[in-house]
Amino acid sequence: MTNRREFLMLGGAAAAAGLAGISVARGDELLQNAGIADTPLIKGNKDFSPITYKERKAVPSACLQCVTRCPIIGYVEDGKLTKISPQFNSIRTEGTLCAKGQGGVNQVYDPDRILFPLRRVGARGEGKWKRITWDEALDELAARLKKLRDEGTPEKFMFHYGRLKSSGSKLIKGLFMSTYGSGTIGNHTAICEGGKWVAQELTWGGHYDNWDFDNTRFVLNFGSNVFEAHTNHTPTAHRLTRALIERNVRMVTFDVRLSNTAAKSSEWVPIKPGTDIAVVLAMCNVVMEEGLYQIEGKDFLRFCRATKDVGATTDDKIAALNAHLARYTPEWAEGISGVSAQKIRDIAREFALGRPSCVISYRGAVTHAFGVETERAVQMLAAITGNVDAPGTRLKAVGPHWKYPKGPKNKPRSRKLGIVNGFKGEVALPNHHVSHQVLPVIKDGFAGRPEIYMWYTYQPVYSNGDCKLNMEVLKDENLIPFTVAISPFYDESSSLADMILPDATYLERWDWEDMVSPNQIPEYYLRQPIVPPMGEVRDFGDVVCDLAKRMGMPLGVDTKEEFVRRACEMTPAVKKAGGFDYMKEHGVYHDPEEKAAFFSYMREIPSDALGAEGVIFDEATQLYWNWKKAHAKSREAALENGYANTKHAYKGYVGQLIGAKVYRGFPPDKVNKTGYLELYSEIMEGKGFNPMPSYYPIPEHAAMKPEELILVTYKVNVQSHSRTQNCKWLTEIYHDNPAWINPTTAAERGIADGDLIKVRSEVGEITTKAKVTPAVVPGTVAISNHCGHWSYGRYASGKPTPADLRSDIPDPDASRIWWTGKNGVHPNWLIPLKSDPIGGEMRWNDAVVTVEKVVSA
Amino acid sequence: MSVQVSAGAAERGHVYEFLATVFRRPLDARHLERLRAPEMLAAMSAAGIDPGDDFAKGDSAVLLDRLAIDYTQLFHGPGEHIAPYEGVQLGVDDELMGAAADEVRGFMANVGFAVPSESGELPDHVSVELAFLGALARREAEALASGTKRRRASRPPCGAGS
């Protein structure tokens, strides 16, 4: 063991050695020999009070500021959560955590949070409330729910959730709702990434793509702000940083805006909004035209479907791809996207030749009309260059598989209102619903209306487009007789509830977690209360157990903690590690023997699996499927109707016959596609679209007048879309969002930097400041999300604090909010509720607006 | 040590505890019934508190409802209201469980009181502080009555009752 004096001296010696030209490795060796390895230094997972030096209590848990759900450590001092740090034992984050995660402390101690159940008095939205007890709240709610159920109309209870994952989802959405018997369940995927998911389901099956930045040599980015706001943010962003910095990996970003991601890329390629697909298809054209597919793509085409005939040869597939892509030349794409044909050719070549290459994409590219086609085209580019599910490429996602209690055996057959998939004929494949249209559909009434509308960790008013319409519907007691908000906060939506049940924040509750691992090795992790719930708040997972008992339909678990504990004992890997106690102590677990999962499609299906009971061969698609697991009526009916025409046949998929072998291939999900990666989709063909990824102009953009602009939105690194603005540390950093406008576009309108401008659309108008900058393409105005709250507490809204209202005593607290009056604007007032006609994604980046100067700076 | 002084401390304690009860949460039927008992009304009157005829004689269900609405508006808002937490209301803290709560908790701990962690109460909630003052006054009264300057008083957890 070395002492401190020796340690310092050795450090000096090492520095001198470095100056003398000794290699780092030799320096390391000298230090190791000198005993530095014995120095008892600990890297992370401990924390000490800077005042008393007393060690703080470390509680392993999981973040939920965004969907990434990073493992964290909460540090508690004298019963108070003082700090949130990364979990250094996590293989997903590798000891990293973003600002949002660290700002989570503010969620618990938000001075404006709701700590007690509230019942509306007076008119809905009037702002008059009565604090009630949990018994009063749950007795009333149980009576209302029971009445609907007893009348045979449980579907008139709608549960609509925003952030609900893992154990919370299984217990609340799964167990509780199915035991009750209502399938009228809304989600928020259409305002998130539904279009991307549908495209992936049409191509390689189960949604979600992981990006292997640890092994890639080239990253091609279409519209992902991956350094700031990815759905697997820090786990991927820090790996990408490492790739760029340590291995000089090149990254090219196509974006309307010079985002921080674009700025940190090797190259930013400005592009007109909604035209990424033209560039991607043109790159596919280059790959085929120049024979670049022959490097790796040709072999991979064995596992792709590119023609109607599932038994086509690779040459047939190449011919079909050539025929389809011939029209999409780089010159054609230049005319649409504004990106030069030469640039498209250069980057296509770099992508194909620089492999392994990773093509990534997100909302910038996908949240448009026909955005599904953009993602399908991206999948095509990855496939024809062989950059799929191999190290360094775009990968099939890997996450842990938890087992959990399923509740009562005899559940009722759920009934549901047809109000979650948009208007009739609006969306061809609403695999993940059309959540932004729920309130307009309720207003229309063609599919009935819920009598009880409950939302959970969701902001139907603020988070969707056309806020005005959302408010009108939610406020109308004739349209929805009873509304319930499950929320820790008094926000734009809960203010329109009839009852508010104060939810525990994610730092005060139990969950098991299951987000995707960037390194292809599943990580099991746990969320546990870092501090007890404040006031009378209760985790809604506990509340549904209570509610169910009051309705005489016990769920088989009494608390969320019990649900999580039993899951730990039921999940083999976790049980083997030590179960619930292990997870409470360590927070994370992965099998050290587990190998990273690549090439999952190449796994051969053993013959005994093909001979299992219920498994049949489908001639038309050349695949094996289990008609029993697909719940087909009978073997005969399954054979007669075939795989493609049997409802939910994909649930019984076993394997795809390719050549003489049966492979796992790309298992379908949500739709009855084959086990190939489908570049040719009969499902799309059946819906009246081109079976291969194709360009369709965005109607509103095609009809734009010269004075009109396209509004695009974006996220920044310290805020989630709508659930972090109450965090003072984060909102102090980011609270204002002037509209970015290109100097050329601004000059045409006589607008100078800092001028007050009015932005108008077909559904609303806002007034904001202009930020004149070449960091956004001409013809566009870019306004970030996050800002412009008119409720949600003092930090988000800038509304006065209780102490502000006193004139006799100075308020040091209020003076710390130096950004009062600068809370920015909310672009959603301007964005009409329109859907991608294929996948139902909310078209966040298609709105057409006019911009005019109001007042000079 | 006069009986009168001791009674004064006890009376102060009663007032604190009375206020702690009415500020802790909206009154329930049990509390209302006890507060409307003739003896209690007389005591309030003697202390200069006039809750009015409505309180004394009104329909209890209607009254409970009105009181709960008033309580909510007064302490929870939304809009103009009084935050029931010292730190937040006085603008000392910009969060719950801030420096004022720490100070109150430390002060109470120093004289042997604590808020049970499972109660969900915050140390600087007005009702907790009043209950604490009530308990101190009660101890003062007991000490004065027994003639001892220092005694080991029973230390019930503050805010755990009612």
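It should be noted that the structure appears before, not after, this text.
Residues numbered from 1 in each chain as written. Chains lettered and ligands numbered in written order. Predicted model: local features only at pLDDT ≥ 70, side-chain atom pairs only at ≥ 80, totals over all residues.

(A) Quick peek at the overall build of chain B. The helix and strand tally for chain B stands at eight helices and zero strands. Mapped in sequence order, the helices and strands of chain B form the string α-α-α-α-α-α-α-α. Nonlocal contacts in chain B, meaning residues at least 24 apart in sequence, comprise 61% of its contacts between residues at least 6 apart. (Helix = DSSP H or I, 4+ residues; strand = E, 2+ residues; numbered from the N terminus. Contact = placed C-beta atoms within 7 Å.)

(B) Region of interest: the nonpolar core. Residue and element names in this part refer to chain A. Judged by nonpolar contacts, the single largest core of 256 residues is most densely connected at Leu281, Met283, Cys284 and Val781. A total of eleven residues in this core trace back to one element, the largest contributor, which is helix α10 (residues 276-289). Apart from the residues lying within four places of it in its own chain, the contact partners of Leu281 are Leu325, Tyr328, Ala333, Ala377, Pro693 and Tyr695. (Core = buried A, V, L, I, M, F, W, Y, C linked by C-beta atoms within 7 Å. Buried ≥ 20, exposed ≤ 12 C-beta atoms within 10 Å, placed from the backbone.)

(C) Main features of the interface of chain A and chain B. The interface is formed by 30 residues belonging to chain A together with 25 residues belonging to chain B. Where the side of chain A that touches chain B is concerned, the elements lending two or more residues are β5 (129-131) and α31 (812-816) of chain A. Top contributing element to the side of chain A that touches chain B by residue count: α31 of chain A, with four residues. Looking at the side of chain A that touches chain B residue by residue, the classes come out as 15 nonpolar, five polar and ten charged. (Nonpolar A, V, L, I, M, F, W, Y, C, P; charged D, E, K, R; others polar.)

(D) Main features of the packing of α10 of chain A against helix α12 (residues 314-325) of chain A. All names here are of chain A. One way to put it is that α10 packs onto α12 with a least axis distance of 9 Å and a crossing angle of 135°. Considering their axes alone, α10 and α12 lie oblique with respect to each other. With respect to the hand of their crossing, α10 and α12 are arranged in left-handed fashion. Contact residues: α10 offers Leu281, Cys284, Asn285 and Met288, while α12 offers Leu321, Asn322 and Leu325. (Axes fitted to C-alpha atoms, helices over the stretch in contact; angles between N-to-C directions. Parallel < 35°, antiparallel > 145°, perpendicular 65-115°, else oblique. Left-handed = near helix turned anticlockwise from the far one by under 90°.)

(E) Fine view of the sheet that holds strand β28 (residues 756-760) of chain A. Residues and elements named next belong to chain A. Spatially, the six strands close up into a barrel ordered β26-β30-β27-β29-β28-β31, and their pairing is mixed. The sheet shows a mean angle of 45° between the axes of neighbouring strands, taken without regard to direction. With five bridges connecting them, β28 and strand β31 (residues 848-855) associate as antiparallel partners. Residue pairing for β31: Lys758 is matched across the bridge by Glu852. (Pairing = 2+ DSSP bridges.)

(F) Examining helix α13 (residues 330-337) of chain A more closely. All names here are of chain A. Of the positions making up α13, those classed as buried are Pro330, Ala333 and Ser337. The arc that holds the buried residues of α13, viewed along the axis, is 55°, so those residues lie on one side. Looking at the buried positions of α13, the neighbouring elements they touch are α10 and α14 (341-353). (Arc of directions from axis to C-beta.)

(G) Just the environment of Lys156 of chain A, in detail. All names here are of chain A. Its place among the elements puts Lys156 in the loop between α5 (134-150) and β6 (157-161). Since 23 C-beta atoms lie within 10 Å of it, Lys156 is described here as buried. Taking the C-alpha atoms as reference points, Lys156 and Ser634, separated by 478 residues in sequence, lie 33 Å from one another. If we ignore the near neighbours within four places in the chain, the residues touching Lys156 are Leu148, Pro450, Glu451 and Ile452.

(H) How the structure looks around the sheet that holds strand β21 (residues 615-618) of chain A. All names here are of chain A. A sheet is described by the order of its strands in space; here four strands give the open sequence β21-β22-β23-β24, paired in antiparallel fashion. Since the sheet does not close on itself, it has two edges, and those belong to β21 and β24 (661-663), each with one partner. Taking each pair of neighbouring strands and ignoring which way they run, the sheet shows an average axis angle of 30°. In this structure, strand β22 (residues 623-626) lies alongside strand β23 (residues 653-658), joined through three bridges in antiparallel fashion. Of the residues in β23, the one forming a bridge with Trp625 is Tyr653.

(I) How the structure looks around the environment of Gly392 of chain A. Positionally, Gly392 of chain A belongs in the loop between α16 (371-384) and β14 (394-396). In the structure, Gly392 of chain A is positioned 180 residues away from Pro572 of chain A in sequence and 30 Å away in space, judged by C-alpha atoms.

(J) Representation of unusual backbone geometry in the model. Here Arg355 of chain A and Pro356 of chain A are connected by a cis peptide whose omega angle stands at 5°. Tracing the sequence through the fold places Pro356 of chain A in the loop between α14 and β13 (357-361). The omega torsion across Gly77 of chain B and Pro78 of chain B is 5°, close enough to zero to call that bond cis. Within the fold, Pro78 of chain B resides in the loop between α5 (60-75) and α6 (86-89).

(K) Molecular detail of the pairing of strand β16 (residues 482-486) of chain A. All names here are of chain A. β16 sits mainly inside the fold: five of its five residues count as buried. Both strand β15 (residues 452-456) and β16 contribute to a ladder of five bridges, which runs parallel. Paired with Tyr456 across the bridge in β16 is Ile486. The pairing of β16 with strand β17 (residues 499-501) spans three bridges and is classified as parallel. Looking across to β17, one finds that Val484 is bridged to Met499.

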